[in-house]
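The primary structure of each chain is shown beneath.
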Amino acid sequence: MADVFEVDALTGEVTKRAFTPEELAQREADALAEQERQAAVAERAAARAALLDRLGLTEDEAVLLLGGAA
Amino acid sequence: MPIAINGSGPITGITSLNTSVSDTELGYLDGVTSAIQSQINTAGGLVLITTQTFSSSSAVNINNCFTSTYVNYRVALNVTSPGGVVAVTARLRASGTDTTTGYFTAGVGINSSGTVQNTAVASGGTFDFTATPGTAVWDFMAPQLAETTRGHGLYSWFDTVLVGRAVSILQNSSTQFDGFSLIPSSSTITGTVRVYGMKN
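Let us look at the structure shown here. Small disclaimer: the values here were computed from a predicted structure and weren't measured.

Scoring rules and cut-offs
Residues numbered from 1 in each chain as written. Chains lettered and ligands numbered in written order. Predicted model: local features only at pLDDT ≥ 70, side-chain atom pairs only at ≥ 80, totals over all residues. Heavy atoms only, no water. Phe/Tyr/Trp six-rings, centres within 6.5 Å; stacked < 30°, edge-to-face > 60°. Helix = DSSP H or I, 4+ residues; strand = E, 2+ residues; numbered from the N terminus. Buried < 20%, exposed > 50% of the residue type's maximum accessible area, 1.4 Å probe, protein only. Pairing = 2+ DSSP bridges. Axes fitted to C-alpha atoms, helices over the stretch in contact; angles between N-to-C directions. Contact = heavy atoms within 4.5 Å. Buried area = accessible area lost by both parts, 1.4 Å probe. Salt bridge = Lys/Arg side-chain N within 4 Å of Asp/Glu carboxyl O. Polar contact = N/O pair within 3.5 Å; in protein donor to acceptor, adjacent residues only side chain to side chain. Nonpolar A, V, L, I, M, F, W, Y, C, P; charged D, E, K, R; others polar.

Examining the packing of aromatic side chains
All names here are of chain B. This model, assessed by the stated rule, comprises 14 aromatic pairs over all chains. Considering the side-chain rings of Phe66 and Tyr73, the 4.8 Å spacing of their centres and the 50° angle between planes classify their relative orientation as tilted. Ring geometry for Phe129 against Phe180: centres 6.5 Å apart, planes inclined by 5°, an arrangement best described as stacked. Placement of Phe129 in strand β8 (residues 127-131) and of Phe180 in strand β12 (residues 179-184) is noted, with a sequence separation of 51 residues between them. With relative accessibility at 0%, the residue Phe129 sits in the buried group. In this structure Phe180 comes out as buried when scored by relative accessible area, which is 2%. Three or more aromatic residues link up through ring pairs in this structure, and these residues are Phe66, Tyr70, Tyr73, Tyr103, Phe127, Phe129, Trp138, Phe140, Tyr155, Trp157 and Phe180.

As structure tokens, then:
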């Protein structure tokens with residue numbers, strides 16, 4: 001299966017091809033960065049939940065008070 | 001209300017909506033239509049550069065869509081699958097190569113349950129374009145000029161809730177971009193992308 005859909009907008013030529021080695025390396029780096037980003041989001045959500053717990057607030061009450069999670 | 005005759009005056013003889021119009025007068029209307037179209041053609045507006053439909057693609061590269069013909073561009077994207085939420089990120093590219101650094105992102109969002117979902121990235125390697133299944137409309141300002149490129153996007157996606165975001169990006173380089181790439185964070189994507197040039 002072709003990985004990449006590529007078009008030249010000037011000519012209209014469409015190419016369907018596999019990733020180049022450089023693109024594959026970038027894709028792996030992107031996946032790692034995405035994992036780190038998701039971990040940071042999860043960490044922030046956990047910190048928020050812990051803070052709400054300390055304050056004795058439910059998630060719904062926090063949304064009511066603050067307009068939602070930042 | 002007076003109606004121009006071939007651009008030069010009112011059509012005569014029309015006193016109510018039920019009044020019939022002669023063939024000659026219809027000819028005048030044709031002339032008016034052509035005149036108006038000519039004005040539209042020379043005025044501003046969006047000009048379609050390319051429409052591409054892709055299926056089960058791990059990356060979508062649109063090359064040579066930003067040229068010296070237009071300064072500013074609009075990109076409209078509709079991604080129909082996959083059904084689960086998959087982030088669709090993007091990069092600007094030049095001569096067939098993505099630029100992988102220097103993307104600043106700032107935006108606000110909220111979902112249909114009322115939860116705020118803002119986004120803020122300083123000098124990232126990519127920028128969020130939308131998520132699946134979803135849509136996006138982005139305007140890119142002067143991407144092909146040797147100056148910083150700015151973009152402004154509105155996008156939304158729907159899974160169990162609707163999420164909408166309004167986001168601005170800045171690509172902090174003087175690279176003269178001629179295209180962009182769409183990159184799902186996982187899986188593959190299916191959809192349609194259209195690129196328009198904004199006439200000056």
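Looking at the pairing of strand β6 (residues 103-111) of chain B
Residue and element names in this part refer to chain B. Alternating residues of β6 divide into Tyr103, Thr105, Gly107, Gly109 and Asn111, all buried, and Phe104, Ala106, Val108 and Ile110, none buried. Of the strand pairs in this sheet, β6 and strand β7 (residues 119-124) are connected by 4 bridges, and their pairing is antiparallel. In the sheet register, Thr105 faces β7, and the bridge partner there is Val121. As paired elements, β6 and strand β11 (residues 162-171) share 9 bridges and run antiparallel to each other.

Brief notes about unusual backbone geometry
All names here are of chain B. Here the amide bond leading from Ser81 into Pro82 is cis, since omega sits at 10°, within 30 degrees of zero. Summarising the element assignment, Pro82 is placed in the loop between β3 (72-81) and β4 (87-94). Along the chain, Thr132 connects to Pro133 via a cis peptide bond; the corresponding omega equals -20°. Structurally, Pro133 can be placed in the loop between β8 and β9 (134-141). Positioned with a positive phi, Ser56 is a non-glycine residue whose angle comes to about 50°. For Ser56, the position within the fold is in strand β1 (residues 45-57).

Side note on the sheet that holds β11 of chain B
All names here are of chain B. Strands sit in the order β1-β13-β3-β9-β10-β11-β6-β7 across an open sheet of 8 strands; the sheet is antiparallel. Each having just a single partner strand, β1 and β7 make up the two edges of the open sheet. Across the sheet, the mean angle from the axis of one strand to that of its neighbour is 15°, orientation sign disregarded.

A short note on the interface of chain B and chain A
Taken together, the contact pairs 28 residues of chain B with 22 residues of chain A. Both sides of the chain B and chain A interface together cover about 1900 Å² of buried area, and 48% of this is carbon and sulfur. The interface formed by chain B and chain A contains 2 salt bridges. For the pair chain B and chain A, the number of links is 12 residue pairs in polar contact (both at pLDDT 80 or more). Where the side of chain B that touches chain A is concerned, the elements lending two or more residues are β1, β2 (59-63), β4 and β12 of chain B. Among the elements that make up the side of chain B that touches chain A, the one with the highest residue count is β1 of chain B (7 residues). Looking at the side of chain B that touches chain A residue by residue, the class counts come to 9 nonpolar, 17 polar and 2 charged. Relative to β2 of chain B, strand β1 (residues 4-8) of chain A is paired through 5 bridges, and the arrangement is parallel. Note that in β2 of chain B the partner of Val4 of chain A across the bridge is Ala59 of chain B.

With respect to the pairing of β8 of chain B
On a regular strand, one side chain projects to one face of the sheet and the next to the other, so that they alternate. Residue and element names in this part refer to chain B. When you tally the buried positions in β8, you get 5 out of 5 residues, the bulk of the element. Of the pairings in the sheet, the one linking β4 to β8 comprises 4 bridges and is antiparallel in character. Within the sheet, the bridge partner assigned to Ala87 lies in β8 and is Ala131.

So, the pattern of salt bridges
Considering all chains together, one arrives at 9 salt bridges over all chains under this definition. Measuring nitrogen to oxygen at the nearest pair gives 2.8 Å for the salt bridge that ties Glu23 of chain A to Arg17 of chain A. A relative accessible area of 21% places Glu23 of chain A in the partly exposed class. Where Asp128 of chain B meets Arg165 of chain B, a salt bridge forms, and the shortest distance between an N and an O atom there is 3.8 Å. Taken together, the positions of Asp128 of chain B in strand β8 and Arg165 of chain B in strand β11 put the pair 37 residues apart, joining distant regions of the chain. Take Asp128 of chain B and Arg165 of chain B: they sit in the same class, and that class is buried. When salt bridges that share partners are traced, they join Glu6, Arg17 and Glu23 of chain A together with Arg93 and Asp98 of chain B into one network.

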